[in-house]
Amino acid sequence: MNLYLRYFDNETLVTSVDEAIDFLSSIPEIGMNADLEADIRDYVASDIVYPKRYKVRPRVYFILIKTTAATMLDFKQKKALRPSPANAAAADRRDPAAGAGVRLAEFREGWYEGVLDFKRVVLIPSTGKHEYRDTHFVARCKANSGQDCYNRIVEHLRERVDHRSQFPSAKGKNFRFKYLGMWK
């Protein structure tokens, strides 16, 4: 794994974290210190794949990007940044939100278990006022897809709870579903 560093017009592609720290130390405005060095070493050692930027002063940053590009030309032409088909499955495992829309729309008839966390409006009898309460709802239903499961659950709840209740997006973290199997 190589590292691309850029600070205004100063840029380089290095093969080790020590070379990166040497490059940053050569720029006096950055002010390399032990904390910054430790943070850069932690970032390089982690499996974080997105670029990291470090603040030098207000609205001024330097950027650090992990790449598999062997040369600066490869990096500039983005040859090493495009995921290959073999890495596409790994990318879906790393970013569950990327596959959420695809999984929701996948047509697969059968039983689904849907879990929905939503804001339900309830009456407080002692004061006569209403308030939002976090509500966890689990249901099993026959559906054609994850989206169909979500629609059936929300439709069911809309008939039974106050109309001011707030339901999350099907693509958000407050809705999860699991395919249980084909119906008979």
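We now turn to the structure provided with this report.

**Thoughts on the sheet that holds strand E7 (residues 175–181)**
Pairing in this open sheet of 3 strands is antiparallel, and the strands run E6-E5-E7 from one edge to the other. Strand pairing shows two members of the sheet lacking a second neighbour, strand E6 (129–143) and E7, which therefore form its edges. Neighbouring strand axes in the sheet, compared pairwise and without regard to direction, differ in orientation by 25° on average. Examined bridge by bridge, strand E5 (residues 110–124) and E7 share 6 bridges and lie antiparallel to one another. Bridge assignment links Tyr112 to a residue of E7, and that residue is Tyr179. Each of E5, E6 and E7 touches helix H6 (residues 146–158); the most contacted strand, E6, lies at about 135° to it.

**Describing the sheet that holds strand E4 (residues 60–67)**
Spatially, 4 strands are ordered E2-E1-E4-E3 in an open sheet, and the strand pairing comes out antiparallel. The outermost strands of the open sheet, each flanked by one partner alone, are strand E2 (10–14) and strand E3 (52–57). Between one strand axis and the next, the sheet turns through 15° on average, direction left out of account. Here E3 runs beside E4; their pairing, made up of 5 bridges, is antiparallel. Bridge assignment links Lys52 to a residue of E4, and that residue is Leu64. Helix H2 (residues 34–45) contacts strand E1 (2–7), E3 and E4 of the sheet and is inclined by roughly 30° relative to E4.

**Quick look at helix H1 (residues 17–25)**
When H1 is considered as a whole, its buried residues turn out to be Val17, Ala20, Ile21, Phe23 and Leu24. Down the axis of H1, the sector holding all buried residues measures 160°, keeping them to one side. Looking at the packing, one finds that the buried side of H1 touches E1, E2, H2 and E4.

**Examining the packing of H1 against H2**
Two elements in contact, H1 and H2, have axes separated by 10 Å at closest approach and are oriented at 145°. Of the two elements, H1 crosses H2, and the hand of that crossing is right-handed. Every residue of H2 that contacts H1 at Val17, Asp18, Ile21 and Leu24 is listed here: Glu37, Ile40, Arg41 and Val44. Looking at the contact of H1 with H2, its residues break down into 5 nonpolar, no polar and 3 charged.

Thresholds applied
- Residues numbered from 1 in each chain as written.
- Predicted model: local features only at pLDDT ≥ 70, side-chain atom pairs only at ≥ 80, totals over all residues.
- Heavy atoms only, no water.
- Pairing = 2+ DSSP bridges.
- Helix = DSSP H or I, 4+ residues; strand = E, 2+ residues; numbered from the N terminus.
- Axes fitted to C-alpha atoms, helices over the stretch in contact; angles between N-to-C directions.
- Contact = heavy atoms within 4.5 Å.
- Buried < 20%, exposed > 50% of the residue type's maximum accessible area, 1.4 Å probe, protein only.
- Arc of directions from axis to C-beta.
- Left-handed = near helix turned anticlockwise from the far one by under 90°.
- Nonpolar A, V, L, I, M, F, W, Y, C, P; charged D, E, K, R; others polar.

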